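Coordinate inspection notes
Now for the letters of each chain:
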Amino acid sequence: MEMTLNQAVKSALDNEMEKNDKIVLIGEDIGKNGGVFRTTEGLYDKYGPKRVIDTPLNESGIVGTAIGMSLYGLKPVVEIQFMDFIFPAFDQIVSDLAKFRYRTGGAYTCPMVIRAPYGGGIKGGSYHSQSGETYFIHTSGLKVVVPATPYETKGLLISAIRDDDPVIFFEPKRLYRALKEDVPEEAYTIPIGKARTVCEGEELTMVSWGATVIQCMNAIEQADRSIELIDLRTISPIDMDTIAHSVRKTGRCVVVHEAPKTCGLGAEIAAGVMENCFLHLEAPVQRVCGFDTVMPYYKLELEYLPDAERIGKAINETMAY
């Protein structure tokens, strides 16, 4: 059936909760209210307050509680209302959650999912629009997933819930209701750590994830070029094999993300391309990113976010090199 991205999230949660009574949801306003983006709507009525748990406004307490639940055999799926609010729980995530498997020599792990809407596009201003994925991909022990479509969202979220390690699952909130596509009502999985080739091409490789994948598709439609688009899906670990295979074929690469340019994941991808594909490159790797500023308010927000025009300029410059 046709689903929006936020409906795909709810469908994934519902499928897994039906099968596994160890799964509990925990977060702010996720119960009767159904969450700020309605991704848990109806699940409180179906599964009750012991499995859909409303919490105080305390992200550190939410994540710390979920870690304890996980260590004692439950499978918590945490919702952080906005990715911007995750930082009070940052110490719990990087110092505890990410390190249980390592510090116990593999005797214990802490399987749980932390879901968080991230990125701009809804006029949320500087406190509701950040793309902070780099903080987490720098932390060993965490898997970080960012879907781009409703179909991808459901399959990746189910894989995240079934994973034996902690997964940070960033949902591009400007896509929650922006597009619909056919999504199976039954459960299915998409492998974590494997990128997808959205469309094949011969002249240039474009790499992206999350909401900017859609902007890349718009730019490709407008460009008179044969462009291969790779949606990373998982940004930690990165599927560098798929990227390198494509760049060896095309000889050119443009990376697009809405997080700030400096120390963004695009820099790591560019370095990986240089290490693996240097003799195949026909042009320097280009990055189209957010700016190294605070997310601006309202009217300037779309100027900050990469769009088809900025991506198209990078395509033309790379091809003309």
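Attention here is on the structure that accompanies the text. (Residues numbered from 1 in each chain as written. Predicted model: local features only at pLDDT ≥ 70, side-chain atom pairs only at ≥ 80, totals over all residues. Heavy atoms only, no water.)

**Overview of the side chain of Arg115**
Note the following rule: Put simply, DSSP marks the helices as runs of H or I at least four residues long and the strands as runs of E at least two long, and each gets a number from the N terminus on. Between two residues, a contact is recorded if the distance between any of their heavy atoms is within 4.5 Å.
Looking at the element boundaries, Arg115 is found in strand E5 (residues 113-118). When residues no more than four places from it in sequence are discounted, the contact partners of Arg115 are Val9, Leu13, Thr39, Thr40, Val77, Val78, Glu79, Ile80, Leu157, Phe169, Glu171 and Tyr176.

**Considering the packing of helix H1 (residues 5-19) against helix H7 (residues 150-162)**
Under the convention used in this document: Here an angle of 0 to 180 degrees is reported between the N-to-C directions of two axes, which are lines fitted to C-alpha atoms, with helices fitted over the stretch in contact. Left-handed is the label given to a crossing in which the near helix is rotated counterclockwise from the far helix by less than a right angle, and right-handed is the label when the rotation is clockwise.
Remark: H1 packs on H7, axes separated minimally by 8 Å, with the N-to-C direction vectors making an angle of 35 degrees. For the element pair H1 and H7, the recorded crossing hand is right-handed. On H7, the residues that touch Leu5, Ala8, Val9, Ser11, Ala12, Leu13, Asn15, Glu16 and Lys19 of H1 are Pro150, Thr153, Lys154, Leu157, Ile158, Ile161 and Arg162.

**With respect to the sheet that holds strand E6 (residues 143-145)**
How we decide: Strands are labelled as partners when DSSP assigns at least two bridges between them.
Pairing within the open sheet is mixed, and its 7 strands lie in the order E3-E2-E4-E5-E7-E6-E12. Each edge of the open sheet is held by one strand with a lone partner, namely strand E3 (52-54) and strand E12 (234-236). Taking each pair of neighbouring strands and ignoring which way they run, the sheet shows an average axis angle of 20 degrees. By the bridge criterion, 3 bridges tie strand E2 (residues 23-27) to E3 in an arrangement that is parallel. By the bridge assignment, Leu25 is partnered in E3 with Val52. Each of E2, E3, strand E4 (75-79), E5 and strand E7 (167-172) touches H1; the most contacted strand, E2, lies at about 140 degrees to it.

**Concerning the sheet that holds strand E9 (residues 196-199)**
Each strand in a sheet pairs with its neighbour through backbone hydrogen bonds, running either in the same direction (parallel) or in the opposite one (antiparallel). Judged by pairing direction, the sheet is mixed, and its 5 strands sit side by side in the order E9-E11-E10-E13-E14 without closing on themselves. Looking at the sheet topology across the chains shown, the edges are occupied by E9 and strand E14 (286-290). The mean inter-strand angle of the sheet, taken between neighbouring strand axes irrespective of direction, is 25 degrees. Relative to E14, strand E13 (residues 253-260) runs parallel, the two being bridged by 4 bridges. What sits directly across from Pro260, in E14, is Gly290. Here helix H12 (residues 308-320) sits on the sheet in contact with strand E10 (204-208), strand E11 (227-231), E13 and E14, set at roughly 165 degrees to E14.

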